[in-house]
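Residue strings, one per chain:
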Amino acid sequence: MWINRRLRLLGALFVIALVAAACGSDATTTEAVDAAQTEDGAMSDIQDDEMEDHDGEHEAGEDDDAEHDHGATTIDVDTSKPIPEVAITPDETDEPGVFDMTISLADFTVTPENVDGDPVDNEGHLHLLLDGEKVERFYDLERQVNVPEGDHLVEVELNANNHLAYSIDGVPIRTGITVSGSGHAEHDDGPDASDADVTIIAILEGGNVSLEGDDRVKVGLDDVVMIMITADVEEEAHLHGYDISTNVTPGESAVIIFSADTAGRFEIEFEKSGAFIAELEVS
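Colleague: Tell me about the pattern of salt bridges, and name the residues and values.
Modeller: Enumeration according to the criterion identifies eleven salt bridges in this entry. Asp215 is the salt-bridge partner of Arg216, the closest N and O atoms lying 3.5 Å from each other. A residue is classified by how much of its surface remains accessible, and Arg216, at 34% relative accessible area, is partly exposed. Residue class for Asp215 comes out partly exposed when judged on its relative accessible area of 29%. For Glu279, the salt bridge goes to Arg216, with nearest N and O atoms at 3.5 Å. On the criterion of sequence distance, the pair formed by Glu279 in strand 20 (residues 276-282) and Arg216 in strand 14 (residues 216-219) is long-range, its members being 63 residues apart. Given a relative accessible area of 7%, Glu279 falls into the buried group. When salt bridges with common partners are traced through the structure, they connect Glu136, Asp140, Arg143, Asp215, Arg216, Arg265 and Glu279 into a single cluster.

Colleague: Lay out the pairing of strand 8 (residues 150-159) in plain terms, naming residues and giving numbers.
Modeller: Counting buried positions along strand 8 gives seven out of ten residues, so the element sits mostly inside the fold. Strand direction decides the pairing type here: strand 5 (residues 123-130) and strand 8, joined by six bridges, are antiparallel. Within strand 8, the position partnered with His127 by the bridge is Glu157. Examined bridge by bridge, strand 8 and strand 11 (residues 174-181) share eight bridges and lie antiparallel to one another. Residue Val154 lies in a different strand from strand 11, and its bridge partner there is Ile177.

Colleague: Explain the sheet that holds strand 7 (residues 142-146) to me, using residue names and the numbers behind them.
Modeller: Pairing within the open sheet is antiparallel, and its three strands lie in the order 2-3-7. Every other strand in the sheet has two partners, leaving strand 2 (85-92) and strand 7 as the edge strands with one partner each. The sheet shows a mean angle of 30° between the axes of neighbouring strands, direction not considered.

Colleague: An account of the sheet that holds strand 18 (residues 254-259) is needed here, citing residue identities and associated values.
Modeller: The mixed open sheet is built from four strands, whose spatial order is 13-12-15-18. A strand with exactly one partner marks an edge of an open sheet, and here the two such strands are strand 13 (208-211) and strand 18. On average, each strand axis in the sheet is tilted by 20° relative to the strand beside it, whichever way the strands run. Bridge count for strand 12 (residues 198-205) against strand 15 (residues 224-231) is seven bridges, and the pairing is parallel. Residue pairing across strands places Ile203 opposite Thr230, the latter belonging to strand 15.

Quick notes on the rules
Residues numbered from 1 in each chain as written. Predicted model: local features only at pLDDT ≥ 70, side-chain atom pairs only at ≥ 80, totals over all residues. Heavy atoms only, no water. Salt bridge = Lys/Arg side-chain N within 4 Å of Asp/Glu carboxyl O. Buried < 20%, exposed > 50% of the residue type's maximum accessible area, 1.4 Å probe, protein only. Helix = DSSP H or I, 4+ residues; strand = E, 2+ residues; numbered from the N terminus. Pairing = 2+ DSSP bridges. Axes fitted to C-alpha atoms, helices over the stretch in contact; angles between N-to-C directions.

Function cannot be read off these values alone, since they describe shape.
This is the structure we're talking about:
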């Protein structure tokens, strides 16, 4: 818009110059130039104002973009309210590499019944991490942890119902300790369906998991466990702790068969959706 005004000004100057030349009046020319300069100064002010308005609109747009971050992994707590806290105490068992963990919470309530729901201040569930990687989601205040040989960082993190980690200024609320273990025994593909001592049948349909039996399954040490899984979507079923997984295709059954040769509690879940399938208690 200011460009059009500048062009009109130049045209006016050209006409004035022709008239002044014809009349031979220096005073007329001087007055015309002064008037043109005055108008030019006013136009410069208008241009500056318009550019400032444009810059302000651009900055506002950048702020709007900043508010729409769809890749969030944490949710900051309301620091005007009591801030939730977590602590863990390890107790080494007679089994090498196996630790009993006691979890202590302050201003935080574990609510398994609300998992996948909207976040509610100071409630949710816990995540167990090994060396910075998630091992499983859990809800108990006592947990058995298996670690491989060497020194490893075991952490417990507080998570909201929608699985985002509670945080303070973007830093997740978690606590950790370093423990040493001797490692897991090697797992092979030896057992087959005919060897199964325990069978778990799980179905994922419409985002909900249904089981034949309880979702807390007690298994004897060295029992052969068979897990049969079907789903109405592409998924990956994962047995944490033993680190055994299988892909699930709609219309087909996927099977995991293994020998439960490591004691402890181990969660089975669908990796893509995070849907809980069952927990194995091996003892």
